[in-house]
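Here are the chains, one letter per residue:
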Amino acid sequence: MKPEDTSNEKPHRHIKHTERRDFLKKSSLLTAISLAPGSLIKAAEAELDEKFASALEQLPLSIEVNGKMQQVNVEPRVTLLDFLREQLQLTGTKKGCDHGQCGACTVHVDGKRVNSCLSLAVMHQGKKITTIEGLANGDELHPMQEAFIKHDGFQCGYCTPGQIMSAVACINEGHANSKDEIREFMSGNICRCGAYPNIVDAIADVKNGGQKA
Amino acid sequence: MKDLSSNNKSIVDGPSRVDGKHKVTGKARYAAEHPIDGMLYGVLVDSTIAKGTIASIDSKAAEWAPGVKAVISHLNSPKIPGYDDKFYGLKVFFNNKVLFYGQPVALVVADSFERALHAATLVKVTYNKDKSETSVDKNLANAKLPGNPRMKDYVRGEADAYKKAEVSLEEEYLMPLEVHNPMELHAIIAHWLADDKVKVYDKTQGIKDTQESISKTFKLPQENVQVIAEYVGGGFGSALRTWPHEIAALLGAKKTGRPVKLVLNRMQMFTMVGYRPYTRMKMGLGATKDGKLTGITHEATAQTSRYEEFTEATVNMSKFMYKCANANTRYRLVQMDVSVPTWMRGPGEATGSFALECAMDELAYKLDLDPLEFRMKNYAEVDPENGKPFSSKHLDEAYKLGAEKIGWYDRNRKPASMKEDGMLVGYGMSSGTFGAFRWEATASARINADGTLVVQSAVSDCGPGTATSMVQIASESFGIDASKTSFILGDSALPPGPTQGGSGTTSALGSAVFDTCLALKKQLHEIAAAEQDSPLYQSKFEDVKFEDGDILLSRSKKVAITDLLKKKNVPSIAVTLESKGNEELQKYSMYSFSVHFAKVHVHPLTGVVRVVQVATVADSGKIISEKTAAGQMIGGVTGGIGMALTEEGVFDDRFGKFINNNLADYHVPVHADVPHIDTIFINKPDPIINPMGAKGMGEIALIGFAAAIANAVYHATGKRIRELPITPDKVMGAEV
Amino acid sequence: MINFQYVRASTVKEAIGTLAKAGDGQFIAGGTNLVDLMKRGVTAPQKLIDINNLPLKDVKSDKTSITIGALALNSDVSENELIIKQQPLLSMALKSGASPQLRNMATVGGNMMQRTRCPYFYDTAMPCNKRKPGSGCGAIGGYNRMHAIFGTSNQCIAVHPSDMCVALTALEATVTVSGPKGSRKIPFGDFHKLPGQNPEKDNILQKGELIESVSIPENDFAKNSYYLKLRDRASYAFALVSVAAALSLDGQTIKACRLAMGGVAHKPWRLSEAEKFLAGKKASAENFEQAAKLSMAGAKSFGYNDFKLKMAPAAIVEALSKASGLS
């Protein structure tokens, strides 16, 4: 192809019907339906196949997020992180690496801290998810949120929701008995601004105050 | 539990960040987090060769994939009017040339993130591959003087005078490639509101820069480009300029006619938004037997890209840090098949200070002097580079305070002489410096009839706490409570503010806020003084004070600002003002200084180094907000621990690619790497630089720190590790 | 990531049966490694069979052993009172791995099944015989800082990244697996294999088999166990070298000893020669150094990992010193 070749512009208008049937044959979900119904082929030719694709490639999911039951349909490949951020608009849970290497995406699943980026949303059928948006009691901040403000446990704020969710769990797990123990059990949450000492102070403060989840 | 008691009183007691609540509740919205109807997702396809040309791009499978709206490459990219000969940087989707591994070669736009991501894997690109060069060490022979005229060789007195000195030292030091890796992935949402009008939500440290850059690239009137950056999840320099992925997102949005969100993945953060260049350095130091420096030579060779030259002030600190009649520097670049580097926190000075401050330690030991005493013997009272006085310099006091805090004089200076719990103990120190500036900036201040004060400027804050400092300056100026004061930032439509970089925001913007508030106070006083029935009638501005929302001549003669506005029947009064330094500043050398002391433990058998105590001192003029300033220093130390012990970007030169381009293999420090850090501020206003007397501190927090660790490792083990990072294998392998 | 099919299984039998019918399918438990590999395009199963509902989460003990269900979480096992009391080596190894969040997701079976962290394996644009047999080994002649010094082949020098498996190797655990052809037991040390000429296979598990549990036989190492992990930062990093050391002491005399290393081979690397040497000898620095020296026979490095030839014996000495209370 030469640089001036623009035949690829607006591809959908140029694709022939037979090619769209090819797509339907390739679609992984339709391998489950041994025979594609004729109406589906017609729909495909009307370029509705993408909508069918979405509908058929999604699975129903019941999941409780911050105390609210969500009945949704999601593709199995959607991670819990992208589900929260892109579908529920709960953007407090952050994407820092998308590979379980930074902890910015930490949420609680049934009270346990996990990396939502390495977890598929469909794997949480019937589970209770708590994100940073669900930690405060209305306008009343969670003691850990208060402590992070007081001790300046952040700068840019991007790793902060993950740090706070992890910190709450760290105390609940019983891993906040010394500053060294806090450091070790908070090491799954990277802060590039380097607020670590202040975060450790915040957790120690809450621990001393006798926080319970 | 004593171990858990909090011990950083200045942090706890100080006023908290004004944006803290939003940050701890997840309400703070970063670039990728603005919901926009009809938004599409863009995913970039990156080159898998480092040099050559694109032979073909087969995007049919991707185009047919469900939800895909467009696949853009150089084959079909809309023309970019600003990609002319003068364009600075990589031109995305411009032609078939590949200039580095991981260069964006196509953009897939689809209606969901998952669909875009999958379709991007379906784009098949073939290449004509050429041999690439990514090793600086193998290409040192090709090192050249940069085109940048400011980078020419510097000589004061005699060049290479160290070679003739009574006692001399010549050593090589290595700063490996480092990657900024802010926690927030670089992201943009591009939304064309009309053919010639665009709004972007972008990760940027310079809102006005981004606006200008986009308007130039797309040849749009500047006011037709709106840049929003309410929250920026770290930058450290990576968001100081407009990068190809931002232009790609704008192209995707243009082509599809819909808003497009593009978020880089962590791998792309290594190749698409700059890095600190790999730099080989040579230091030559000479001194008399009693420890007076007689020669300083600093040479540096760094990498840059083939398509754009990047230079930084790596060797500059050696020109003025110590009193010495003879000093010379040489700075060279090697062009490689890599993406262009950029400023990373402390930029070149952090690289250069590692060599200078290690060499000072080494020569001190050669002279049998305490490294601190050696520095004091060569203390520069005036700037040796230009003979000018320093606007303010309290480095001597900083040395003293830091030494006391860490217990410097209680140590046994002899290397490998101290042990504690089976670990070798080492103490090290170093210093750092960075230019203090006052750029121009504009702010507006508005006082409302309800007594609240609103200050605004088009800046973004990648973490230092700009809004918090500005609220502090404004509320102090008016003598009103900080809770009644707010600072609005993050929108290019606001009065033009500075780019947040080079430790210059507080000085530039703070001055603008200070001057604007002053002008507003004068205006309010003028109104009050003109009212015949006012207690302030015909009073002079010099005689009044602003306190608790009142303009006050004496305790009985005062006017509430709220009453004044009500009386005048106006909802608010506002002033917008540009502020900049005057010529007086040219008479001085203006720098911030820092001193770092560190104590390390080194495992005698395995070579594992742990930093156990740090005292860091900043001489950066008046501290506006002690809480956020302490955060800056702690953050710099943490970055310095990474630089000293863990961070190194590695290329596989056979392929010309980053081989550890993720956060599991590129080790930034974690909680367990960072001890308690004592921060100390000299906190003496600089009488020259600006009305607050505040100098920058973001860079000095890091500059020099790595040398303190390397020097401490030497003190603990008797081993000099001159190539960073100091990983256990290097400590084990080094000779005493 | 392709949009794979996803089903949940509730019994072992159902899981095995579903996989047998699926053709190109995989079990998913914690997903910490599998989802990552799918994101990177290293693996792309058409079907995932979620086994998290299988009743394999318990830690049980009888008179002669402790049996851990394959779906027990790494965090739960590391905090289990029985494990901490009787098999502290395993608890220490687990706690040194990954991060608290990942340990809350990762299972015992999944930990055994995790793939290497070799960067050439993870990057589909690079040559890798493990990912794509016959494509070559990027690490040989490349950046091999993290790579093996024992049991390598001309096809692959990758290491197994687990800490838990190093401890279980030292503790002579037994793995119980079930498959279409029934169930069988595998000594832990035989579960993972060396790369040889088929590095694409990490272990001897056969197609369609599912790990059910791991049993650790009773021992008297609890008082003198230590897991040492050397890495490039203080936590949350894979091992450069790790050592699991377990001793049974009678005064200063070593009655029995178990040693295994991580970060040095394609499988947890048992140090049998050193174990034999130390049995019956005094717990002393000299003997530990000798044991370390014996352990290095046959070691071969590849450039960037040359340091492991020095670091590995130092780590063995340090782990033995810590386990015996010498340091």
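Residues numbered from 1 in each chain as written. Chains lettered and ligands numbered in written order. Predicted model: local features only at pLDDT ≥ 70, side-chain atom pairs only at ≥ 80, totals over all residues. Heavy atoms only, no water.

1. Digging into the interface of chain C and chain B
Across the boundary between the two partners, chain C contributes 30 residues, which contact 29 residues of chain B. Roughly 2600 Å² is buried in total at the junction of chain C and chain B, and carbon and sulfur atoms are behind 64% of that figure. For the interface between chain C and chain B, the tally reads two salt bridges. Measuring nitrogen to oxygen at the nearest pair gives 2.6 Å for the salt bridge that ties Asp123 of chain C to Lys657 of chain B. Listing elements by their share of the side of chain C that touches chain B, those giving two or more residues are helix 8 (119-122) and helix 13 (308-324) of chain C. Looking at the side of chain C that touches chain B residue by residue, the class counts come to 18 nonpolar, four polar and eight charged. (Contact = heavy atoms within 4.5 Å. Buried area = accessible area lost by both parts, 1.4 Å probe. Salt bridge = Lys/Arg side-chain N within 4 Å of Asp/Glu carboxyl O. Helix = DSSP H or I, 4+ residues; strand = E, 2+ residues; numbered from the N terminus. Nonpolar A, V, L, I, M, F, W, Y, C, P; charged D, E, K, R; others polar.)

2. Here's the deal with the UniProt feature "domain: Aldehyde oxidase/xanthine dehydrogenase a/b hammerhead" (unreviewed entry) in chain B
Cross-referencing UniProt, the feature "domain: Aldehyde oxidase/xanthine dehydrogenase a/b hammerhead" (unreviewed entry) maps to residues 25-131 of chain B in the present numbering. For residues 25-131 of chain B, the end-to-end C-alpha separation is 51 Å, with 15% helix and 33% strand making up the annotated structure. (UniProt positions renumbered as here; feature names shortened; annotations may be inferred.)

3. Some points on the pattern of salt bridges
What the rule picks out here adds up to 63 salt bridges over all chains. For Asp98 of chain A, the salt bridge goes to Lys39 of chain C, with nearest N and O atoms at 2.8 Å. With Asp98 of chain A in the loop between helix 5 (80-87) and strand 3 (106-109) and Lys39 of chain C in helix 2 (residues 34-39), this pair bridges two chains. One salt bridge connects Glu178 of chain B with Arg276 of chain B, and the closest N-O pair in it is separated by 2.7 Å. Remark: Arg276 of chain B occurs in the loop between helix 7 (268-271) and strand 13 (279-287) and Glu178 of chain B occurs in the loop between strand 8 (167-175) and strand 9 (187-194); sequence separation between them is 98 residues. When sorted by exposure, Glu178 of chain B lands in the same class as Arg276 of chain B, which is buried. Three or more residues joined by partner-sharing salt bridges are found here, namely Asp82, Lys95 and Asp98 of chain A together with Lys39 of chain C. (Buried < 20%, exposed > 50% of the residue type's maximum accessible area, 1.4 Å probe, protein only.)

4. Considering the interface of chain A and chain B
Bring the parts together and some accessible area is lost; that lost area is often taken as the interface size. Contacts between the two partners involve 76 residues from chain A, matched on the other side by 79 residues from chain B. Interface of chain A and chain B: buried area, both sides summed, is about 6500 Å²; carbon and sulfur atoms make up 56% of it. Taken as a group, Gln155, Arg192 and Tyr196 of chain A account for 13% of the area that chain A buries against chain B, more than any other trio of residues on that side. Arg17 of chain B is the partner of Asp152 of chain A in a salt bridge, and the nearest nitrogen-oxygen pair spans 2.6 Å. Looking at the side of chain A that touches chain B, the elements that each hand over two or more residues are helix 1 (11-14), helix 2 (17-26), helix 4 (49-57), helix 5, helix 6 (143-150), helix 7 (160-172), helix 8 (179-185) and helix 9 (196-208) of chain A. A total of ten residues in the side of chain A that touches chain B trace back to one element, the largest contributor, which is helix 9 of chain A.

5. Focus on unusual backbone geometry
All names here are of chain B. Going from Leu724 to Pro725, the amide bond is cis rather than trans, its omega being -5°. The topology assignment puts Pro725 in the loop between helix 16 (705-717) and helix 17 (728-733). Non-glycine residue Ala416 carries a positive phi angle of around 55°. Topologically, Ala416 is positioned in the loop between helix 11 (395-406) and strand 16 (419-420).

6. Some remarks on the packing of helix 13 (residues 505-530) of chain B against helix 14 (residues 561-568) of chain B
Residue and element names in this part refer to chain B. Between helix 13 and helix 14, the shortest axis-to-axis distance is 11 Å and the interhelical angle comes to 65°. Crossing hand, helix 13 versus helix 14: left-handed. Contact residues: helix 13 offers Leu524, Ile527 and Ala528, while helix 14 offers Ile561, Leu564, Leu565 and Lys568. The class makeup of the residues in the contact of helix 13 with helix 14 is six nonpolar, no polar and one charged. (Axes fitted to C-alpha atoms, helices over the stretch in contact; angles between N-to-C directions. Left-handed = near helix turned anticlockwise from the far one by under 90°.)

7. Quick word on the domain arrangement of chain A
Residue and element names in this part refer to chain A. The domain architecture assigned to chain A consists of domain 1 (11-57), domain 2 (59-134) and domain 3 (143-208). Here domain 2 and domain 3 have C-alpha centroids that lie 21 Å from each other. Counting from both sides, the interface comprises 15 residues of domain 2 and, opposite them, 16 residues of domain 3. Buried area between domain 2 and domain 3, both sides added, is near 1200 Å², and the carbon and sulfur share of it is 56%. Across the contact surface, domain 2 and domain 3 share one salt bridge. The shortest N-O distance in the salt bridge between Glu173 and Arg113 comes to 2.8 Å. At the boundary of domain 2 and domain 3, one finds nine residue pairs in polar contact (both at pLDDT 80 or more). When its residues are assigned to classes, the side of domain 2 that touches domain 3 shows three nonpolar, eight polar and four charged. (Domains from an automatic or database assignment. Polar contact = N/O pair within 3.5 Å; in protein donor to acceptor, adjacent residues only side chain to side chain.)

8. Focus: helix 12 (residues 466-478) of chain B
Residue pairs three or four apart in sequence face the same way in an α-helix, which turns once every 3.6 residues. Residues and elements named next belong to chain B. Between its first and last C-alpha atoms helix 12 spans 18 Å; for 13 residues at 1.5 Å apiece the expected length is 18 Å, and the two agree. Taken across its 13 residues, helix 12 has twelve buried, putting it largely inside the fold. Residues of helix 12 that are buried: Thr466, Ala467, Thr468, Ser469, Met470, Val471, Gln472, Ile473, Ala474, Ser475, Ser477 and Phe478. At the exit of helix 12 stands Gly479, carrying a positive phi of roughly 65°. (Expected span 1.5 Å × (residues − 1).)

9. A closer look at the sheet that holds strand 4 (residues 97-98) of chain B
All names here are of chain B. Strand order in the open sheet made by the three strands is 4-2-6, with antiparallel pairing throughout. Strands with a single pairing partner mark the edges of an open sheet, and in this sheet they are strand 4 and strand 6 (124-129). Inspection of the sheet shows strand 2 (residues 52-58) paired to strand 6 by six bridges, in the antiparallel sense. Of the residues in strand 6, the one forming a bridge with Ile57 is Val125. (Pairing = 2+ DSSP bridges.)

10. Structural notes on the pairing of strand 5 (residues 65-69) of chain C
Residues and elements named next belong to chain C. A large share of strand 5 lies buried, amounting to four of its five residues. Where strand 4 (residues 59-61) meets strand 5, three bridges bridge the pair, whose relative direction is antiparallel. The partner of Val59 across the bridge, within strand 5, is Ile68. Between the antiparallel neighbours strand 4 and strand 5 lie three residues. As paired strands, strand 5 and strand 8 (residues 210-217) are joined by five bridges and run antiparallel to one another. Paired with Ile68 across the strands is Val214, a residue of strand 8.

11. Comments concerning the packing of helix 15 (residues 626-646) of chain B against helix 16 of chain B
Residue and element names in this part refer to chain B. Relative to each other, helix 15 and helix 16 sit at 50°, their axes nearing to 8 Å. Judged by the angle between their axes, helix 15 and helix 16 are oblique. Crossing of helix 15 against helix 16: the hand is right-handed. Contact residues: Val637, Gly640, Ile641, Met643, Ala644 and Leu645 in helix 15; Phe705, Ala706 and Ile709 in helix 16. In terms of residue class, the contact of helix 15 with helix 16 is made up of eight nonpolar, one polar and no charged. (Parallel < 35°, antiparallel > 145°, perpendicular 65-115°, else oblique.)

12. Quick notes on the environment of Asp76 of chain C
Residue and element names in this part refer to chain C. Checked against the element boundaries, Asp76 lands in helix 3 (residues 74-79). For Asp76, a relative accessible area of 37% gives the class partly exposed. Counting along the chain gives 27 residues from Asp76 to Arg103, while the straight-line C-alpha distance between them is 8.3 Å.

13. Section: the confidence of the model for chain A
Summarising the model, chain A shows a mean pLDDT of 83, and 72% of its residues fall at 70 or more. Predicted confidence is poor over residues 1-36 of chain A, with pLDDT under 50, and the contacts of this stretch with residues over four places away or in other chains come to 52 contacts. (pLDDT = per-residue confidence, 0-100.)

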